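Breakdown of the fold
As a plain string of letters, each chain reads:
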Amino acid sequence: MDLALPQNASVETIPIQRLTVDVALPCAELVERFRHHVPPIKAGVLREQTSAEGIARVIQETGTKSGFVLFAEFDHGRWIRHFPPFSTESTPPPPPPPPPPPLGPTAVHERDSERGRGAALGAHRFIFGNPLFAIDMIRESVEATLHVPLDCGFVEQPDGSTRIVMLLVEGLIAGHSGTLANEGLRQTTRELQIKVFRLMADISRQVDTSGGAGADGLSVGRGREGNSNVATSRVMNSKHSYSHSAK
């Protein structure tokens, strides 16, 4: 069916890559790891800053281990459990809703175990980023503001493992006709993606039960490969699929 576009509007198909990381760890544990590496920050505190130095100081004061900070969290498992096929007859009535938290619909330090029995499979969405990372892309194209901060989803699997999913920014920001020739923009988006890959490798790492050091479920950087059976990762786009399985 043809859609009637507004006057002076156009629709363009762009290549977008989707990162999928399958981790043989419980969703609740992965969520806590993410919160540990990406601490919360109040957007109001950022808005109060009057200089770039002030913004940098506020981010540094969070003690972030990854360089990223958390702006909001959405626990979709809290509400989808009330609808088929996620609901169950044994699900008890939900507790009274808490006061609205400062960072979004779900308080960022709330643990999944507090959701109550009978909850549906976990489904979390995180909004995260760092203005100091984003500004390099925005200097190249102000339209990059449409895709920052970043977001990712953690989805609990029926076997108790977790799938992490996110859309990578290079295609979103630098994949349309107006930016294809902007190599500076493509370079800054790639640099941001490297930081994202490192974050995913850190939170999906598990102690090697064979006695070795920690093992990554995600390959990041030149010459570094996953060496455990903890996770597999895939990056897919419209032209090809890349798959890496940790050995």
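Residues numbered from 1 in each chain as written. Predicted model: local features only at pLDDT ≥ 70, side-chain atom pairs only at ≥ 80, totals over all residues. Heavy atoms only, no water.

Looking only at helices and strands, one finds seven helices and nine strands in the chain. Residues counted as buried form 40% of the 247 residues belonging to the chain. For the chain, contacts bridging at least 24 residues in sequence account for 70% of all contacts bridging at least 6. Accessible surface computed for the chain: about 14,200 Å², of which carbon and sulfur atoms make up 55%. (Helix = DSSP H or I, 4+ residues; strand = E, 2+ residues; numbered from the N terminus. Buried < 20%, exposed > 50% of the residue type's maximum accessible area, 1.4 Å probe, protein only. Contact = heavy atoms within 4.5 Å. Areas by Shrake-Rupley, 256 points an atom, 1.4 Å probe, with all protein chains shown as cover.)

Moving on to the confidence of the model for the chain. A residue-level look at the chain finds 69% of positions with pLDDT of 70 or above and a mean pLDDT of 76. Contacts from residues 219-230, a stretch scored under 50 in pLDDT, to residues over four places away or in other chains number 29 contacts. This model gives residues 237-247 a pLDDT under 50, and the stretch forms 29 contacts once residues within four places in sequence are excluded. (pLDDT = per-residue confidence, 0-100.)

Below, the discussion takes up the environment of I55. Here I55 shows up in helix α3 (residues 52-61). On the accessibility criterion, I55 (24% relative accessible area) is partly exposed. For I55 and L132, which are 77 residues apart along the polypeptide, the C-alpha to C-alpha distance reads 8.2 Å. Beyond its immediate sequence surroundings of up to four residues, I55 is in contact with L46, Q49, P131 and L132.

Turning our eyes to something else, we now look at helix α7 (residues 183-203). Helix length check: α7, at 21 residues, gives a terminal C-alpha distance of 31 Å against a target of 30 Å (1.5 Å per residue), a fit within 8%. One side-chain oxygen of the residue at the start of α7 lies 3.2 Å from the amide nitrogen of G184, identifying that residue as N182. (Expected span 1.5 Å × (residues − 1). Polar contact = N/O pair within 3.5 Å; in protein donor to acceptor, adjacent residues only side chain to side chain.)

Turning to the nonpolar core, a few remarks are in order. F34, F128, F154 and M166 are the most contacted members of the largest nonpolar core, which has 31 residues in total. Elements that contribute at least two residues to this core include exactly β1 (18-23), α1 (27-37), β3 (123-129), β4 (150-156), β5 (162-167), α6 (169-174) and α7. The greatest single-element share of this core, amounting to seven residues, is contributed by α7. In this structure F34 touches L70, F126, F128, C152, F154, L199 and I203, once residues within four positions along its chain are discounted. Of all hydrophobic cores here, the second largest spans eight residues; its members include L46, I59, V69 and A72. (Core = buried A, V, L, I, M, F, W, Y, C linked by side-chain atoms within 4.5 Å.)

Turning to the environment of D202, a few remarks are in order. Here D202 lies in helix α7. Judged by relative accessible area, which is 29%, D202 ranks as partly exposed. Residues D202 and K65, spaced 137 residues apart in sequence, show a C-alpha to C-alpha distance of 10.0 Å. For D202, the residues in contact, after removing those within four places along its chain, are R33 and H37. Among the polar contacts made by the side chain of D202, one reaches the side chain of R205 at a distance of 3.2 Å.

This part is about unusual backbone geometry. With omega at 0°, the peptide bond leading from V148 into P149 counts as cis. One can find P149 in the loop between α5 (131-140) and β4. Phi at N8 takes a positive value of approximately 65°, unusual for a residue other than glycine. Within the secondary structure layout, N8 lies in the segment before β1.

For the rest of this paragraph, the subject is α3. Here α3 has its buried residues at G54, V58 and I59. The buried residues of α3 occupy an angular sector of 135° when projected down its axis, which confines them to one face. Along α3, exposed side chains directed more than 90 degrees from the buried face belong to A52, E53 and Q60. Packed against the buried residues of α3 are α2 (43-47), β2 (69-75) and α5. Positive backbone phi, approximately 75°, marks G63, located one or two places after α3. (Arc of directions from axis to C-beta.)

The final tally for this structure, using the stated rule, is eleven salt bridges. In this structure, D22 engages R163 in a salt bridge whose closest nitrogen and oxygen atoms are separated by 2.6 Å. Residue D22 is located in strand β1, and its partner R163 is located in strand β5; the two are separated by 141 residues in the primary sequence. With relative accessibility at 17%, the residue D22 sits in the buried group. Overall, the relative accessible area of 27% leaves R163 in the partly exposed class. Between R57 and E61 there is a salt bridge, with the nearest N and O atoms lying 3.2 Å from each other. (Salt bridge = Lys/Arg side-chain N within 4 Å of Asp/Glu carboxyl O.)

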